[in-house]
Amino acid sequence: MMRIFGVQLRKEITELWRTRKLIIVLVVLIAFGLMSPILAKITPDLLESMGEGQMEGIIITIPEPTQKDAIDQLVRNVSQFGLLLAVLMSFGTVVGERERGQAALVFAHPLPREVFVAAKFAAQAIMFAAGLALGALGAYIYTVILFDAPPAGRYLALTGLIYVWLLSLIALSLLASTLGRSMGSAGGLAFVLIVALLLAGSFTNLAPGALLEWGRSIAIKAGSPARWGALAVTVVVTALAVGASCIILRRQEID
Amino acid sequence: MTPAIEIRNLTKRFGTVTALAGFDLSVPRGSIFGFLGPNGAGKTTTLRIMTGLARATAGSVTIEGVEVGRGARPPIGYLPDTPSFYSWMTAREFLTYIARLHELSDPPIDATLERVGLANANKKRVGGFSRGMKQRLGLAQALLPQPRVLLLDEPVSALDPAGRKAMLDIMGDLRGEMTIFFSTHILNDAERICDEIGIIDQGRLVIQARRDDLLARFARPVFEIEVAPDDAPQLAALAERLETTGLIERAALDGVRLRVTARDLDRARREVLPMLADRSLVRFEMLGATLEDIFLNLTDPANSRPEVAS
Ligand SMILES: Nc1ncnc2c1ncn2[C@@H]1O[C@H](COP(=O)(O)OP(=O)(O)OP(=O)(O)O)[C@@H](O)[C@H]1O
Ligand SMILES: [Mg+2]
């Protein structure tokens, strides 16, 4: 079982590499990592130059940006583009292989369907771990250069929480990919699941989205309450989505 | 000897559509079995159940003593009707991947590529493969783990005549190494290499018989004679002469071609050809049985019920 998982994971990672998905995720996350502190640094100057001459007599005082602003930018950018990437990269993986007929070929070989699903999740998890790690490292370096050094441990906690949040999005997209009968319906379903997840965030502090605010608060020492409940919910949602995908695929008839 | 494949009361319904109406089938070990039927007969559905990709509504399939869908995996190789690969892999990479799934320690990748005629294309991305090459790679991935039963869904239907012959030759060469079960809607393909033929129509097994018995039983007593244009007038004379001998039932002349329906096939075979001795013969052909003939014959109420030979 573990050997087959290894074989399948290798296939998935090679696929992500050869179909350029890996490079896209790395480039986008690194780019936004690097841009975040830079944006934080130049935003006041930008605002100032835009305001010049237009609002005579009005004096706007924009506070000098700090590393807190850099971290805010990072959380905002990486969560927006991370969400987009996580959904785009995983909503087509299972349904695509079924639709193209590759699944009919490989499932006639000794490849357990749960291994197939688990390897897909693991490959995405590895890809986003790499992308997020490099993006966060880039952001950290630029924050140190442009401002001063944020506490490394706290910064690491922020990155970890963003990652856990991303994993839940990947797992839900994978579930949509397994349930969907076509690429279109899987995409639609992924969209619905993610929107539901985001909406849940505005009702309860237990939704995965609370992890972002918690992480930000840790990194900038804002002192907001810890969200252990949200962490537990996120882990459970992720595990349930992956587990459900395995069971659903196991029961499915492959065309 | 237990059969290689044993199908019992196989039934499959898709909503209100009954794709398989509950049939039995038994494939002798080591045989090449042609599973013949028109479009929509239920061939693909049967094969998908045999491979575990779909589940039967009722009934069972047992392959080499292993009941499909009960946990254990039977020793099969499967070629779907339109095999689809990872376009980013090469042929060799795909076979290596399949070998790893089977945990083969020394997979015969080169020999398999050689066998299907892809030895020269093994470093090419599958994305650039033609239909025929994909079919060959499809056969290669099915053969690689050296299964005891090979299941092929319309392996030659999409190929040109040369590709068709090549594929059938490869399948013929495998005779004795494993049991081969393949579907087709063309009797002629089954006729060329099968030992045994089963015919399915509307989810029912119409007949199962040894190929030779089937062909003998349904042979049409029809042959066609074609002569050079200069001899066309003599052909007309021959047609008239044949009609008077009582040897034949009917003779239909169409320019240089004469189609003759014999009353007694054996006698006609012996006597008609000598009559053509001094003609510039272009073609003299016995027209074999067609799937249509067999259907017409079997669905004719005057004929016997479906039967299973030996
Ligand atoms: N997934 C499905 N959902 C609904 N009906 C189906 C499905 N698969 C097959 N059928 C129906 O079952 C019947 C048998 O189809 P099947 O594909 O097995 O035929 P076939 O003999 O392989 O035909 P062909 O020669 O065209 O490949 C057809 O009436 C088909 O419409
Ligand atoms: Mg078919």
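The structure contained in this document is the topic of the report that follows. (Residues numbered from 1 in each chain as written. Chains lettered and ligands numbered in written order. Predicted model: local features only at pLDDT ≥ 70, side-chain atom pairs only at ≥ 80, totals over all residues. Heavy atoms only, no water.)

This paragraph deals with the interface of chain A and chain B. How large an interface is tends to be reported as the accessible area lost when its parts come together. The interface is formed by 29 residues belonging to chain A together with 26 residues belonging to chain B. Buried surface at the junction of chain A and chain B, summed over both partners, amounts to about 2,600 Å²; 55% is from carbon and sulfur atoms. On the chain A side of the contact with chain B, Arg 18, Leu 105 and His 109 of chain A bury the most area, a combined 26% of that side's loss. Between Arg 3 of chain A and Glu 103 of chain B there is a salt bridge; the shortest N-O distance is 3.4 Å. Taken together, the links from chain A to chain B amount to 17 residue pairs in polar contact (both at pLDDT 80 or more). Sorting the residues of the side of chain A that touches chain B by element identifies α1 (2-18), α4 (93-100), α5 (102-106) and α10 (228-251) of chain A as the ones contributing at least two each. In terms of residue count, the dominant contributor to the side of chain A that touches chain B is α1 of chain A (nine residues). (Contact = heavy atoms within 4.5 Å. Buried area = accessible area lost by both parts, 1.4 Å probe. Salt bridge = Lys/Arg side-chain N within 4 Å of Asp/Glu carboxyl O. Polar contact = N/O pair within 3.5 Å; in protein donor to acceptor, adjacent residues only side chain to side chain. Helix = DSSP H or I, 4+ residues; strand = E, 2+ residues; numbered from the N terminus.)

Let's shift gears to the sheet that holds strand β4 (residues 58-63) of chain B. All names here are of chain B. Strand order in this open sheet of four strands is β2-β1-β4-β5, and the pairing throughout is antiparallel. The strands lining the two open edges of the sheet, one partner per strand, are β2 (17-27) and β5 (66-67). Sheet topology note: the strand β1 (residues 5-14)/β4 ladder contains five bridges and is antiparallel. Looking at the pairing, Ile 5 lines up with Ile 63 of β4. Against the sheet, helix α1 (residues 43-50) touches β1, β2 and β4, its axis set at about 115 degrees to β1. (Pairing = 2+ DSSP bridges. Axes fitted to C-alpha atoms, helices over the stretch in contact; angles between N-to-C directions.)

Take the site of ligand 1 next. Close contacts around ligand 1 come from Asp 255 of chain A together with Phe 14, Ala 19, Pro 38, Asn 39, Gly 40, Ala 41, Gly 42, Lys 43, Thr 44, Thr 45 and Glu 154 of chain B, and that covers them all. One finds residues of chains A and B in close proximity to ligand 1. With respect to ligand 1, the side chain of Thr 44 of chain B contributes an N or O atom lying 2.7 Å from an oxygen atom. Between Thr 45 of chain B and ligand 1, the recorded distance is 2.5 Å, taken from a side-chain N or O atom to an oxygen atom. (Near = heavy atom within 4 Å.)

Right, let's talk about the side chain of Thr 90 of chain B for a bit. With respect to the helices and strands, the residue Thr 90 of chain B is situated in the loop between β6 (76-79) and α2 (91-101). If sequence neighbours within four positions are ignored, Thr 90 of chain B has contacts with Asn 122, Lys 123, Lys 124, Arg 125 and Val 126 of chain B.

Residue and element names in this part refer to chain B. Burial analysis of strand β8 (residues 179-184) places six of its six residues in the buried class, which makes it a mostly covered element. Side chains of β8 alternate between two faces, with Thr 179, Phe 181 and Ser 183 and Ile 180, Phe 182 and Thr 184 buried alike. Note: strand β3 (residues 32-36) against β8, five bridges, orientation parallel. Considered in β8, the bridge of Phe 35 is made with Ser 183. Two strands pair when backbone bridges link them, and strand β7 (residues 149-153) and β8 are joined in this way by five bridges, in the parallel orientation. Looking at the pairing, Val 149 lines up with Thr 179 of β8. Following the backbone out of β7, through helix α5 (residues 161-173) and into the adjacent parallel β8, one traces a crossover that is right-handed. (Buried < 20%, exposed > 50% of the residue type's maximum accessible area, 1.4 Å probe, protein only. Right-handed = clockwise from strand over helix to strand, strands pointing away.)

This next bit is on the sheet that holds β6 of chain B. Each strand in a sheet pairs with another by means of backbone hydrogen bonds, the pair being arranged parallel or else antiparallel. All names here are of chain B. Sheet architecture is open: six strands sit in the order β6-β7-β8-β3-β9-β10, paired in mixed fashion. Two strands in the sheet have a free side with no partner beyond their single neighbour: β6 and β10 (204-210). Averaged over all neighbouring strand pairs, the angle between strand axes comes to 15 degrees, with direction disregarded. With four bridges joining them, β3 and strand β9 (residues 196-201) adopt parallel strand pairing. Across the sheet, Phe 33 pairs through a bridge with Glu 196, a residue of β9.

What follows concerns the packing of aromatic side chains. What the rule picks out here adds up to 13 aromatic pairs over all chains. On the basis of an interplanar angle of 35 degrees and a centroid distance of 5.3 Å, the ring pair of Phe 223 of chain B and Phe 284 of chain B is categorised as tilted. Here Phe 223 of chain B, found in strand β11 (residues 222-227), pairs with Phe 284 of chain B, found in strand β14 (residues 281-287); they are 61 residues apart in sequence, far enough to count as distant. Exposure remark for Phe 223 of chain B: the relative accessible area of 0% places this residue in the buried category. Directly above the aromatic system of Phe 107 of chain A lies the positively charged group of Arg 113 of chain A, at a separation of 5.0 Å from the ring centroid. (Phe/Tyr/Trp six-rings, centres within 6.5 Å; stacked < 30°, edge-to-face > 60°. Lys NZ or Arg CZ within 6 Å of the ring centre and 35° of its normal.)

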